[in-house]
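# Remarks on the overall topology
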Amino acid sequence: MNSAQLKSALEAVLFASGEPIELERLAEAVEADSDITKQALEELAGEYDARNSAIALLNLDGKYQFSTRPDYAEYIKRAMEQKRKAPLSQAAFEVLAIIAYNQPVTKSFIEQVRGVDCSGVIASLLRRELIEEAGRLDLPGRPLIYCTTTNFLRTFCISSLSELPPLPENDEGVRLVSEITAAEQTDIPEQVLLTK
Amino acid sequence: MNSAQLKSALEAVLFASGEPIELERLAEAVEADSDITKQALEELAGEYDARNSAIALLNLDGKYQFSTRPDYAEYIKRAMEQKRKAPLSQAAFEVLAIIAYNQPVTKSFIEQVRGVDCSGVIASLLRRELIEEAGRLDLPGRPLIYCTTTNFLRTFCISSLSELPPLPENDEGVRLVSEITAAEQTDIPEQVLLTK
Amino acid sequence: MSNVNINPDYKLDVFEGPLDLLLHLISKNKLNIYDIPIFTLVEQYTEYISKSIDEGFDIDSASEFLEMAARLLYIKSAALLPVHEEADKLRKELTGELIEYQECKKIAAKLSEMSSGIDSYVREPMEIEADRSYQRVHNVTELLDYYLMAAGKKLRRLPPPVEAFSGIVARRIVSISSKISLIKNLFVKHRKLRLSELYKKSESRSDLVATFLAILELSRQGSIYITDSLDILPVSNAEISDITLLTPGGNDSNEFSTA
């Protein structure tokens, strides 16, 4: 690997990682001597500086990391906060509704009701502060449980969960969900947790 | 803000966000006109290409995202001690093909074409963010429908669905069709309908 | 059961499903996919399945393969009847499925060649102090609607709107039955249709193939006649003199045997 290839490989690794990485680990990853790696990193950092890039390659106590320069923090913050206004997806609404009516609930419960993997949706609802973690169930695997937040109440203009519209009594789906709830809460918790 | 500053601001926002961002959202974040923003993005992408950076600025269906070029996957995996991304299976490619060309589609549609249960494959494609839920059909049972994601575009190195390869010419179909055409032209309709 | 051309290296689990296995048998034995000799196919298919099971293939994971075996046997038995219209219909349905699946496989292969981007990596968002809490406001009744939707059994009073079906029928891999209804609908407005016009409307090869098979099916059902000049007429409009080919009903004209 020539010097340009070495720098590119390091650039790719540092970009993808996000976390600060030790010189030794970088050298191992690109299969180069650590002195050569160090030199390549310094050159790479110099190139980023020379072209006044918005990104800088930092050396933090022997660990290397790409980071944006502080001058741009305002734009970044604005871009990230724009997402607050993006409407919830159908999937997000459904997961939120399931949590609201059955809280606290585990991820496996939500997935049983919806029949699909919901990890991404749950992560996004957490970021948007519509739900929060409410501890772990004292069951094998100690699954996390989720409930809604005060931001949830604000979003739906209610002052407490008691103001949620009542569920229809004769809806088959509602009955089905309460069966899952019953199963989860009582006799056969292992099974609930293992049927994912 | 001059053109160099604009490009730097965009670079910082895209780098920090990690996720694909719509042109409009970028323009808003850097407080510039969207045409000017678009031009700056194209220039920025060109600069990354011109210096053979290990990082590329992709346009995925009007969203922009930085990504490493595929050549460096080995180093990244090694550095991040990541398990090799499992390659996509034949089944996964088939399900993706059906979704990509017919989206949005239900699971039962996919299963009808493939003649087998596809729950596992769909769950894995959802987890890998190659497909996503796109709501439900307003039909009894309210089935979920699926479509492809921007990650799908990135994985297949295209920037919009219109760049998908045209449906392959079915060899048998070509033969069939040319026989039809030939027969039609020579006024032998019996042949048309009795030939396969 | 002889001369089954099976590569011993192939095990049942290398096939993506019964359609995949059928396509394999069809190409191995150079059968015509547009005119599957059902008897040959049934024999080879069942022999392959039973051989795989003898060799230890898990019967539980073979349910879809067994279902197809049952389906093939059913078509075979229907084909033994003196009037075997149903067998032809079922056989053509299977042909349509096989063509569709064959296209699916070809596209999948192309996608597989294009998938180098799977090795590109993106970043996790940087940890930045930013307020990401949701900002919009919704009516709380929406939540109930979504809850019932997720529970999957929302009661409905009205039939679903036409657009609701778009996800099902908006497909470029074209089904023959949808083509049939399309052609039937055209007759609501038109007294006759030109065969060539129908082909021209086709947007892709599979569309064309489906159009062709749909016309075959309609003429077999006796719903349409095709004239010498390749006009297609619905039965109600057909003059006796127009009926020059493909008279419906008789057993002989049902079998689209090799030309």
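The structure presented is a predicted model; accordingly, all values stated were derived computationally and were not measured.

A separate point is the sheet that holds strand β2 (residues 55-60) of chain A. Residues and elements named next belong to chain A. The sheet built from three strands is open, its strands ordered β1-β3-β2 with antiparallel pairing. Each having just a single partner strand, β1 (21-22) and β2 make up the two edges of the open sheet. Bridge count for β2 against strand β3 (residues 63-68) is six bridges, and the pairing is antiparallel. Counterpart to leucine 58 in the pairing with β3 is glutamine 65.

The next thing to look at is the nonpolar core. In terms of nonpolar packing, the biggest core is built from 126 residues, with A:Phe152 and C:Tyr45 touching the most fellow members. Ignoring anything within four residues of it in the chain, the contact list for A:Phe152 reads A:Leu96, A:Ala100, A:Glu129, A:Leu130, A:Ile158, A:Leu161, A:Leu164 and C:Leu143.

With that out of the way, let us pick up the environment of B:Leu144. Residue placement: B:Leu144 occurs in strand β6 (residues 144-148). Judged by its relative accessible area of 9%, B:Leu144 falls in the buried class. Separated by 132 residues in the primary sequence, B:Leu144 and B:Ala12 place their C-alpha atoms 37 Å from one another. Those residues in contact with B:Leu144 that sit more than four places away from it in its chain are A:Arg114, A:Val116, B:Val105, B:Thr106, B:Lys107, B:Glu133, B:Gly135 and B:Arg136.

Our next topic: the confidence of the model for chain A. Within chain A, residue pLDDT values average 86, and 86% of them lie at 70 or more. Across residues 186-196 of chain A, where pLDDT falls below 50, the model places 16 contacts with residues more than four positions away in sequence or in other chains.

Residues and elements named next belong to chain B. Judged by how many residues are buried, β6 sits mostly within the fold: five of five residues are covered. Alternating residues of β6 divide into Leu144, Tyr146 and Thr148 and Ile145 and Cys147, and every residue in both groups is buried. The sheet contact formed by strand β4 (residues 105-106) and β6 spans two bridges and is antiparallel. Across the sheet, the residue bridging to threonine 106 is isoleucine 145, located in β6.

On to helix α3 (residues 63-80) of chain C. Counted at 1.5 Å a residue, the expected span for α3(C) with its 18 residues is 26 Å, and the 26 Å between its end C-alpha atoms agrees. Residues of α3(C) that are buried sit in contact with α1 (18-28), α2 (38-54) and α4 (85-113) of chain C.

Our next topic: α2(C). Residue and element names in this part refer to chain C. For α2, with 17 residues, the first-to-last C-alpha span of 24 Å sits near the 24 Å given by 1.5 Å per residue. Buried residues of α2: Ile38, Leu41, Val42, Gln44, Tyr45, Thr46, Glu47, Tyr48, Ile49 and Ser52, and no others. In this structure, the buried residues of α2 make contact with α1, α3 and α4. Directly beyond the C-terminal end of α2, a positive phi value near 100° is found at glycine 56.

This paragraph deals with the sheet that holds strand β2 (residues 224-226) of chain C. Residues and elements named next belong to chain C. Taken in spatial order, the three strands make up an open sheet running β1-β3-β2, and their pairing is antiparallel. Either end of the sheet is taken by a strand with one partner, and the two such strands are β1 (193-194) and β2. Note: β1 against strand β3 (residues 231-234), two bridges, orientation antiparallel. Bridged to leucine 193 within β3 is isoleucine 232.

Another point: the packing of helix α5 (residues 90-102) of chain A against helix α6 (residues 107-114) of chain A. Describing two packed helices takes the angle between their axes plus the distance from one axis to the other. Residue and element names in this part refer to chain A. At a closest axis distance of 10 Å, the pairing of α5 and α6 adopts a crossing angle of 120°. Classified by the angle their axes make, α5 and α6 are oblique. Relative to α6, the crossing made by α5 is right-handed. Contacts between α5 and α6 involve Ala91, Glu94, Val95, Ile98, Ile99 and Asn102 on the former and, on the latter, Phe109, Ile110, Val113 and Arg114. Of the residues assigned to the contact of α5 with α6, the class counts are seven nonpolar, one polar and two charged.

In total, this model carries 29 salt bridges over all chains according to the counting rule given. As a salt-bridge pair, C:Arg91 and C:Asp35 come within 3.1 Å of each other at their nearest N and O atoms. Of this pair, C:Arg91 sits in helix α4 while C:Asp35 is found in the loop between α1 and α2, placing the two residues 56 residues apart along the sequence. Taking the relative accessible area as the measure of exposure, C:Arg91 reaches 9% and is therefore buried. Relative accessible area serves as the criterion here: at 13%, C:Asp35 is assigned to the buried category. For C:Arg194, the salt bridge goes to C:Asp231, with nearest N and O atoms at 3.2 Å. Placement of C:Arg194 in strand β1 and of C:Asp231 in strand β3 is noted, with a sequence separation of 37 residues between them. Three or more residues are tied together by salt bridges with common partners; here these are A:Glu94, A:Arg114, B:Glu133 and B:Arg136.

Definitions and cut-offs
- Residues numbered from 1 in each chain as written.
- Chains lettered and ligands numbered in written order.
- Predicted model: local features only at pLDDT ≥ 70, side-chain atom pairs only at ≥ 80, totals over all residues.
- Heavy atoms only, no water.
- Pairing = 2+ DSSP bridges.
- Helix = DSSP H or I, 4+ residues; strand = E, 2+ residues; numbered from the N terminus.
- Core = buried A, V, L, I, M, F, W, Y, C linked by side-chain atoms within 4.5 Å.
- Buried < 20%, exposed > 50% of the residue type's maximum accessible area, 1.4 Å probe, protein only.
- Contact = heavy atoms within 4.5 Å.
- pLDDT = per-residue confidence, 0-100.
- Expected span 1.5 Å × (residues − 1).
- Axes fitted to C-alpha atoms, helices over the stretch in contact; angles between N-to-C directions.
- Parallel < 35°, antiparallel > 145°, perpendicular 65-115°, else oblique.
- Left-handed = near helix turned anticlockwise from the far one by under 90°.
- Nonpolar A, V, L, I, M, F, W, Y, C, P; charged D, E, K, R; others polar.
- Salt bridge = Lys/Arg side-chain N within 4 Å of Asp/Glu carboxyl O.

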